[in-house]
Amino acid sequence: MKRLYSILLLLALALTAAAREQSYTLASPDGRLVAHVATDDVSVNYYVYYGDAMLLRPTYIDIEHTQGGKSYNSLTVRKVTRRTVDETIASPFTRQASMRNHYNELTLQMKEGLSLVFRAYNEGVAYRFVWNGEPGRVKKEVVNYNLDGSWNVTAPYVSQFDSLRHEVQYSTSFENQYTHTSLSQLDPRRLCFLPLMVHADGGVKICITESALLDYPGLYLHGTGNSGLLIGEHAPLPRRVEQGGHNNLQLLVKEREDYIAEMDRSKVFPWRIMMVGTDAEIATNNLSYLLAEPSRLNDISWIKPGKVAWEWWNCFNISGVDFPAGINNDTYKHYIDFASRYGIEYVILDEGWAVNGEADLFKVVPEIDLPMLVQYAKERGVGIILWAGYYAFERDMERVCEHYSEMGVRGFKIDFMDRDDQLAVDFYHRAAEMCARYRLLVDFHGAFKPAGFTRTYPNVLNFEGVFGLEQMKWAPATTDQMQYDTEIPFIRQAAGPMDYTQGAMLNGGRWNYHPCWMEPMSQGTRCHQLALYIVLESPLNMLCDSPTHYEKEPDYTRFVAEIPTVWDETRVLQGKVGEYIVTARRKGSTWYIGGITNWTERDIDIALPVITLDSISTIELYTDGVNAHRKGSDYKHQTFSPQMPVLTVHLAPGGGFVMKIER
């Protein structure tokens, strides 16, 4: 009898467990991507198919949180809802005027105010947790990606690394080139920041990133060293910070809590995104923008994207003038006059206009009269943007915004945050809100990826978070910037726009580039630099070189200045990660097509599918010159009427081209 009771008890327990186990399937609108979700009382696993191929193996996700001192990780599903959305949303200041937002959604409502939401798009799969309960803390969010260890990965390690002090990796400028290896060979000690790309079988690419990153720490991933499992990690919440770092402008973390985030009563966590597709499809994937929180600004009519004449990269190196160049009124007037002549919308005053080491934006160096310069620029149709260090801006944020807005300054370039813990991320949206209140633009440097931020705060036109052209002031000749340039349109750009700061007029071939702080050059050709204005997305876009260099080639400079910085339509015509890319963008009735290559020279056939030949009036074409492989600044400029529906262009090693098609 006891044995019978035991059997019945085990059977009852098994039936109860089986009853608690639930599985759900969610397919993309076209049915090609399918996510399978399995839950029980304490865990959630999901896996993803793309056609017949399993992309993501069963992967465990979780969130450990506390309320009133009690810990919870109960994931019992109480209610399941589904919906389908197919809408068009406006996407101002981006690669296209509007975007289709088409997805199927599955929401699992759980105990303790927690929900888990999955979305399947034709372009990828995403999920996030949503909190509607009492205030509390997030001890840990378990984010994993269980992939095939034999697949290759293109991933940016955090540059700071100390095998004995893991926490140093939580302070980074998010500027590093990519490591190329297999998933199973990733160093488990080193964190990778996002986005990163996994190269699956059959030419399928998986780009992993996040969006709607607000008031929550950013996600890092690391490998295991022997499998395809990527494990998520977040910087713990700072307990104590101190002023210090670069020119005393940073807040350095001295102690951290044993949890990653504080929670309010209602909280949406970041979306965890797997973009899926071919190389070209990833390069035009809009999920980071679509999954962002909607705009928090009611009026965006005052926001004006545009080009910026910039002095820092070229070290104020102007010549042929009768005054000493540097941080002074005459030099900035020269930059303003240059911008005005070419229709360049802004001039930036980078580091040095405020007294160094003071972290006080009200202490202007005596060499410049800032109100006079702002007025001088305004009279010539040019706006002034001011550089600001993180702590200098944070310590007196509203007074700074009010004062400089009243003076007529148009925005701030805020730099050296170099963190993405919850406190740092919170600074971004407080700074964006405050600047919007005073109608000020923002360009974040020393910054993590945009992660949808530019949709939520459209006055934030740009982010750095890229190993950009500034690196060429000091990067050794062994640095392969040409490969990196042909990777970021597929990887970093998947997270949003980037302030790469292109426009170099001194251009080094593979064998004659050298770093030089005072008179920097680019790697690759002049046409490679020109094409970056088409290939890269940058609503606030720098002309990084000296007016002296630009003025020597006025037709070329005028062409650069007239390239739009936001677009009505974008298509990637062809490309392969790390090798080359050809991008077509339309503004009104005018198309620009730009392409770049790595150090491999190549011929590219450019079809003109976007408009019929009969409707084209002229094509203006910039291509690498016959000697561009020796002298990078050599280029050929021609204007003609098209005779054939396909044009063939030759790209020198590190080369590029730009085609402007008028209707």
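Rules behind the numbers
Residues numbered from 1 in each chain as written. Predicted model: local features only at pLDDT ≥ 70, side-chain atom pairs only at ≥ 80, totals over all residues. Heavy atoms only, no water. Helix = DSSP H or I, 4+ residues; strand = E, 2+ residues; numbered from the N terminus. Rg over C-alpha atoms; globule rule 2.2 N^0.38 Å. Contact = heavy atoms within 4.5 Å. Patch = residues over 30% accessible without salt bridge, like charges linked within 9 Å, V, L, I, M, F, W, Y side chains within 5 Å. Areas by Shrake-Rupley, 256 points an atom, 1.4 Å probe, with all protein chains shown as cover. Salt bridge = Lys/Arg side-chain N within 4 Å of Asp/Glu carboxyl O. Buried < 20%, exposed > 50% of the residue type's maximum accessible area, 1.4 Å probe, protein only. Pairing = 2+ DSSP bridges. Axes fitted to C-alpha atoms, helices over the stretch in contact; angles between N-to-C directions. Expected span 1.5 Å × (residues − 1). Polar contact = N/O pair within 3.5 Å; in protein donor to acceptor, adjacent residues only side chain to side chain. Phe/Tyr/Trp six-rings, centres within 6.5 Å; stacked < 30°, edge-to-face > 60°. Lys NZ or Arg CZ within 6 Å of the ring centre and 35° of its normal. Core = buried A, V, L, I, M, F, W, Y, C linked by side-chain atoms within 4.5 Å.

Trainee: How should I be thinking about the overall build of the protein chain in this particular structure?
Mentor: A count of helices and strands for the protein chain gives 13 helices and 40 strands. Computed over the C-alpha atoms, the radius of gyration of the protein chain is 26 Å, within 12% of the 26 Å expected from 2.2 N^0.38 for a compact globule of 663 residues. In terms of principal-axis extent, the alpha carbons of the protein chain reach across some 105 × 60 × 45 Å. For the protein chain, the proportion of contacts with a sequence separation of at least 24, taken over those separated by at least 6, is 71%.

Trainee: Would you explain a nonpolar patch on the surface in this entry?
Mentor: Residues W474, W517 and M518 make up a contiguous nonpolar surface patch of roughly 340 Å² in combined accessible area. Here W474 lies in the loop between β29 (460–463) and α10 (481–485). The class of W474 is partly exposed, set by a relative accessible area of 39%.

Trainee: Whenever I open this one, the sheet that holds strand β28 (residues 441–444) confuses me. Can you help?
Mentor: Within a sheet, neighbouring strands are paired by backbone hydrogen bonds and run either parallel or antiparallel to one another. Taking strand neighbours across the sheet as the criterion, the seven strands line up as β29-β28-β27-β26-β25-β24-β32 in an open arrangement whose pairing is parallel. Each edge of the sheet is formed by a strand with only one pairing partner; in this case those strands are β29 and β32 (540–543). Between one strand and the next, the sheet's axes are offset by a mean angle of 25°, whatever the strand orientation. Across four bridges, strand β25 (residues 346–349) lies against strand β26 (residues 383–389) in parallel orientation. Across the sheet, the residue bridging to L349 is L386, located in β26. Here helix α8 (residues 422–437) sits on the sheet in contact with β27 (411–415), β28 and β29, set at roughly 155° to β28.

Trainee: Sorry if this is basic, but what is going on with the sheet that holds strand β14 (residues 192–193) here?
Mentor: Pairing within the open sheet is antiparallel, and its four strands lie in the order β11-β18-β17-β14. Where the open sheet ends on each side, the last strands, each with one partner, are β11 (144–146) and β14. As paired elements, β14 and strand β17 (residues 219–222) share two bridges and run antiparallel to each other. Directly across from C192, in β17, lies its bridge partner L221.

Trainee: Help me understand helix α4 (residues 329–342) in this model?
Mentor: Two residues of an α-helix separated by three or four positions point the same way, owing to the 3.6 residues in each turn. The end-to-end C-alpha separation of α4 is 20 Å, in line with the 20 Å expected for 14 residues at 1.5 Å each. Looking at α4, one finds that the buried residues are T331, Y332, H334, Y335, I336, F338, A339 and Y342. Buried-residue contacts for α4 involve β24 (306–310), β25, α5 (370–379), β26, α12 (547–551) and α13 (554–562). Regarding α4, its N-cap is N328, as a side-chain oxygen of that residue lies 3.3 Å from the backbone nitrogen of D330 further along. Directly beyond the C-terminal end of α4, a positive phi value near 70° is found at G343.

Trainee: When you look at the packing of aromatic side chains in this model, what are you seeing that I'm missing?
Mentor: Evaluation of the coordinates by the stated rule reveals 42 aromatic pairs. Summarising the aromatic geometry, the rings of W310 and W312 are spaced 5.8 Å apart at their centres and angled 25° between planes, so their arrangement reads as stacked. On the basis of relative accessibility, which here comes to 1%, the residue W310 falls in the buried class. When the ring centre of F362 is taken as origin, the NZ or CZ atom of R399, which lies over that ring, is 4.0 Å away. Positioned over the ring face of W312 is K473, at 5.1 Å from the centre of the ring.

Trainee: I keep staring at the nonpolar core and nothing clicks. Help me out?
Mentor: In terms of nonpolar packing, the biggest core is built from 201 residues, with F393 and F444 touching the most fellow members. It is α8 that provides the largest number of residues to this core, a total of eight residues. Filtering out sequence-adjacent residues up to four positions away, F393 remains in contact with L361, A388, V400, C401, F412, I414, F427, A431 and C435. Counting 17 residues, the second-largest nonpolar core is a separate cluster that includes A584, I593, I619 and L621.

Trainee: How should the environment of E105 be read in this particular structure?
Mentor: With respect to the helices and strands, the residue E105 is situated in strand β7 (residues 98–110). Residue contacts for E105: discarding those within four places in its chain leaves L26, T81, R82, R83, V117, F118 and R119. At 2.7 Å, the side chain of E105 and the side chain of R119 are in polar contact.

Trainee: Looking at this structure, I do not really get the environment of P476. What am I missing?
Mentor: With respect to the element layout, P476 can be found in the loop between β29 and α10. Along the backbone, P476 and P515 are 39 residues apart, and their C-alpha atoms lie at a distance of 6.2 Å. The residues touching P476, leaving out its near neighbours within four places in the chain, are Y513, P515 and Q523.

Trainee: Which parts of the structure should I look at to understand the pattern of salt bridges?
Mentor: Here the idea is simple: oppositely charged side chains can pair when their charged atoms come close. Going through the model one piece at a time under the given rule, you end up with 41 salt bridges. Taking the shortest distance from any N to any O, the salt bridge between K267 and D215 comes out at 3.3 Å. Of this pair, K267 sits in strand β22 (residues 266–268) while D215 is found in the loop between β16 (205–211) and β17, placing the two residues 52 residues apart along the sequence. The shortest N-O distance in the salt bridge between R239 and E255 comes to 3.4 Å. Residue R239 is located in strand β19 (residues 238–244), and its partner E255 is located in strand β20 (residues 250–256); the two are separated by 16 residues in the primary sequence. Residues joined in a network through salt bridges with shared partners are R239, R240, E242, E255 and E257.

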